[in-house]
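Chains, contacts and geometry: an overview
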Amino acid sequence: MPTITLQTPGPDAASELAAFMRRCYVAAYGHVASAADTEAHLIDHYNDALIAEALADPTHCLIRSFDGVTPTGYAWLVQAAAPAPLHATHAVELRRFYLAPESIGGGSADVLMQGVLDQGRRWFARGVFLTTWKESERAVRFYGRHGFRALDHVSFRIGSKAFEDWLLWRGL
């Protein structure tokens, strides 16, 4: 079994990474909204220019996981103040955390989460926060296993459809 490795890509990888991110998103959530709303969401949140900008921004960190040479997942972190219920001025937002569907259950998620937590510590953050869809039981269990706790709920929209997410927090 190959070892899971992590890589922080540079701006030259934006197009390839954006395509991988879109594929992971569609595999995980492509079924929850209309095709038109999903496509608009992908254009707004996973376009090549946005990913290139994030890769060049020192307050952002994108981490990819690999099984050998095959990409298995990614995480997108941003240095940020935590939302009001948390009152933490120096935190990390875990903006995205996805695996390729064929990689689920292969160990990449745990290695990738360790990379997220390590990066948060390198940034001297007090903790990591994220939102995740309440109905995504696998994600909620995964984050709970890694010490994240639900503190509040927030609304999230994909086009015209609203969803309820958990706001999760884990101290570092």
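The paragraphs below set out a description of the structure included in this document. Along each chain, the written sequence defines residue order, and numbers are assigned to residues from 1. Reporting in this predicted model follows two pLDDT cut-offs: at least 70 for local features of residues, and 80 or more for side-chain atom pairs to be given and counted; totals over whole chains, interfaces and linings ignore these cut-offs and use all residues. Only heavy atoms go into the side-chain values, all of them from the structure, while hydrogens and water stay out.

Here's the deal with the nonpolar core
To define a nonpolar core, start from buried Ala, Val, Leu, Ile, Met, Phe, Trp, Tyr and Cys residues and group those joined through side-chain atoms within 4.5 Å. Partly exposed describes any residue whose relative accessible area lies between the buried limit of under 20% and the exposed limit of over 50%, with all areas from a 1.4 Å probe on protein chains only and scaled to the type maximum. Ranked by internal contacts, the top residues of the largest apolar core, which has 24 residues, are Met21 and Ile51. Strands are runs of DSSP state E lasting at least two residues, helices are runs of H or I lasting at least four, and both sets are numbered from the N terminus onward. Element by element, the count of residues in this core is highest for helix 1 (residues 14-29), at eight residues. Those residues in contact with Met21, other than ones at most four positions away along the chain, are Tyr46, Ile51, Leu62, Tyr74 and Trp76. Of all hydrophobic cores here, the second largest spans 22 residues; its members include Leu77, Ala125, Leu130 and Phe148. Contact criterion: two residues are considered in contact whenever any of their non-hydrogen atoms come within 4.5 Å of each other.

Observations concerning the sheet that holds strand 6 (residues 149-158)
Read across the sheet, seven strands follow the order 1-2-3-4-5-7-6 without closing on themselves; strand pairing throughout is mixed. Two strands close off the open sheet at either side, each with one partner strand: strand 1 (4-7) and strand 6. Shown here is a sheet whose adjacent strand axes are inclined to one another by a mean of 25°, direction ignored. One requirement defines pairing of two strands: DSSP has to find at least two bridges between them. As paired strands, strand 1 and strand 2 (residues 60-67) are joined by four bridges and run antiparallel to one another. Fitting a line to C-alpha atoms yields each axis, with helices limited to the stretch in contact; the angle taken between N-to-C directions then spans 0 to 180 degrees.

Notes on the side chain of Thr132
Mapped onto the secondary structure, Thr132 falls in strand 5 (residues 127-133). With relative accessibility at 5%, the residue Thr132 sits in the buried group. Once residues within four sequence positions are removed from consideration, Thr132 is found in contact with Ala139, Val140, Tyr143, Asp165, Trp166 and Leu168.

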